[in-house]
Amino acid sequence: MAVIEVAGLTYTYPGSSAPALKDLTFQVEAGQLVAVVGANGAGKSTLCLALAGLIPALFHGQMRGTVSVCGLDTSQHAPGQFAGRVGLVLQNPANQISGMRYTVYEEVAFGLENLGVPRAVMPGRIEHALDQVGLAELHDRSPYTLSGGQQQRMALASILVLEPAVLLLDEPTAMLDPAGSQAVFEIIHALVRTGTTVVIVEHRLEWIGRYADRVLALAEGEVVLDGTPADVLSSPLLRQIGVGWLRYTRAAHLGQKRGLWPDTQALPVTLEQAVTGFQQAGARPPTEEQLDADPR
Amino acid sequence: MIRYSLYVPGDTWLHRLHPLTKLSFSLAAAVIIFGGPGGWLAALLPGLLALLALWRAGLFRQAARTGVRLLAPVTVMLFLIHGFFSPQNQTTLLRLGPFAIGQEGVAYAGLIAVRLAAVLAGSLLLVFSTHPGELVQALTNAGVPHGLSYLLGSPLLLLPQMAGRVQVIQAAQQARGLETGGTLPRRVRALFPLVAPLVFSALLDVEERSLALEVRGFSAPGPRTSLREQPDTPGQRVARRALFVLAGLLLAAGVALRVYGRH
């Protein structure tokens, strides 16, 4: 069952002549983890805002086509009606602190209060959300005393506590270290397993290759690639639109030219695939110097 | 830990009072101080009450420190301007060369300074013992539209974020050679490179901040709930009404005295 349905979506911001999104049409099935990749300005964040029901309601630009999320048409419903059904985590954690509450625990409760969730239900949901993101021990700290990475995890908890059916994440790991990024992707993966639909904008392709079910590549507001991580992340078009390839994919591509990677074998998009592939070919992967000689 | 907010966490009797009770006192005090009859008495009584409350709650020292920092420059200017240049000056207190300090101007400056101090004491009583979020919640629960409550509380709510941003901008500008310390002219010169990015970046953040609030149901339809109960008592509800009635009566008396007192 499609939980997100986008049909002919074209959107132009007020005061802009060029559309940020051009004739997008796709559906997302419930329980899928869909990654959106693209160069800066490709329209990824705009797509998130459209899926969250914030465009067109709050931006007043020109929109054509339809976007339906959880059965609600975004042009027919106010943003407040999507809260709870659709969650959105933005890039900058500092701007996601409401400032309305004194502790992390209370900050996470803010959305529940807005949605009228009974007080008796709140503690269980808050504690579960804080556990999920690993912030349980910091529950009584002021949100302003947390590090950037901790604030981002708190922002994620503030949305997870609402138990949305669709979770939209706009570069949620931008301020996290590798361990923090892995923790976030593990949380996302667990959510997907329980039926949550996740759309994530992410530049770190290694996580996408490992966890995503499907990848959409955007360029200048258009979907130029749509498929499995194996297909999209190894497509030559991805390099042309400025996203580039993973080092493993580049290594195998270079290996192909030198006879170290079989032409018949798909290029790897995870470290495991690369190691297995090179082992099977009986070759050692190219050195760092060789990779650096071919920076693309 | 850096404390950006004026709120002092605690569990004193003042902290436990309902935010609207403290807000009512602050507002009533301001009305009585500036609008009530009696000049000095109208200014002194609410101010002393506020200071007494702050002292009983163990917040007097912080309040005094903040008050002196805020009021000292204003008070000095008031005494200088009114003491030397007030048109009401008739009795000379002190002569300094060609200039004379007038008693009437000094008395008027004193009254204004006491009024400002009293209003500030009433305000500090509220902001020192009430987290801005609690105040917003209390206003919303009292029927004030949620957006309006947030707007009213936002100067206090956004203070920590602005303070953090000031530090970042200051560090960035200092790294590029801007001197922010030293003499007064140098500090004034350094102000623009600090204020301009602060204002522009705050404006740019407004959009993302409002989006973040929206996705957490800020404008969601239906009734709201709250994690923490805000205890209220019949006594406090009566006190709030009594404060507004008292302020209204004293304001009316003050206005009447000013209007009819001239005739």
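On a predicted model such as this, the values are computed, not experimentally measured, just so you know. Per-chain numbering applies: the sequence of each chain, read as written, is numbered from 1 onward. Naming scheme: in the order in which they are written, chains are lettered from A and ligands are numbered from 1. Totals for whole chains, interfaces and linings use all residues, but because this is a predicted model, local features are given only for residues with pLDDT of at least 70 and pairs of side-chain atoms are given and counted only at 80 or more.

Right, let's talk about the domain arrangement of chain A for a bit. Residue and element names in this part refer to chain A. An automatic or database domain assignment is the source of the domain bounds shown. Each assigned domain of chain A is listed here: domain 1 (31-53 + 78-240) and domain 2 (247-292). Centre-to-centre, using C-alpha coordinates, domain 1 lies 32 Å away from domain 2. Helix and strand definitions follow DSSP, with helices as H or I runs of at least four residues and strands as E runs of at least two, each counted in order from the N terminus. For the side of domain 1 that touches domain 2, the elements supplying multiple residues, two or more each, are α6 (205-211) and α7 (229-232).

The contact criterion used is a C-beta to C-beta distance within 7 Å, with each C-beta placed from the backbone. Opposite the 30 residues of chain B that make contact, chain A presents 37 residues. Of all the secondary-structure elements, those providing two or more residues to the side of chain B that touches chain A are α6 (132-141), α8 (159-175) and α9 (184-214) of chain B. With 7 residues, α9(B) is the single largest residue contributor to the side of chain B that touches chain A. The residue classification treats Ala, Val, Leu, Ile, Met, Phe, Trp, Tyr, Cys and Pro as nonpolar and Asp, Glu, Lys and Arg as charged. All others, Gly included, are polar. Residues that form the side of chain B that touches chain A fall into these classes: 15 nonpolar, 9 polar and 6 charged.

Attention shifts here to the pairing of strand β10 (residues 222-227) of chain A. Residue and element names in this part refer to chain A. Two strands pair when backbone bridges link them, and strand β9 (residues 214-219) and β10 are joined in this way by 5 bridges, in the antiparallel orientation. When the sheet's bridge partners are listed, Leu218 is paired in β10 with Val223. Once β9 ends, the chain turns through 2 residues before running back antiparallel as β10, passing Glu220 with a positive phi of about 50°. Note on pairing: two strands pair once DSSP finds at least 2 bridges between them.

This paragraph deals with unusual backbone geometry. Residue and element names in this part refer to chain A. Residue Pro56 is bonded to the preceding Ile55 through a cis peptide linkage, with omega at 15°. Summarising the element assignment, Pro56 is placed in the loop between α1 (44-51) and β4 (62-69). Positive phi is not limited to glycine here, since Asp23 has a value of about 45°. Relative to the helices and strands, Asp23 resides in strand β2 (residues 21-29).

Attention shifts here to the sheet that holds strand β5 (residues 72-73) of chain A. One key point about sheets: their strands pair by backbone hydrogen bonds, in either a parallel or an antiparallel sense. Residue and element names in this part refer to chain A. A sheet is described by the order of its strands in space; here 4 strands give the open sequence β2-β1-β4-β5, paired in antiparallel fashion. In this open sheet, the two edge strands, each paired with only one partner strand, are β2 and β5. As paired elements, β4 and β5 share 2 bridges and run antiparallel to each other. The residue bridging Ser68 from the neighbouring strand is Asp73, located in β5. With axes taken as lines fitted to C-alpha atoms, and helix axes fitted only over the stretch in contact, angles between N-to-C directions fall between 0 and 180 degrees. Strands β1 (2-12), β2 and β4 of the sheet are contacted by α1, whose axis makes an angle of about 125° with β1.

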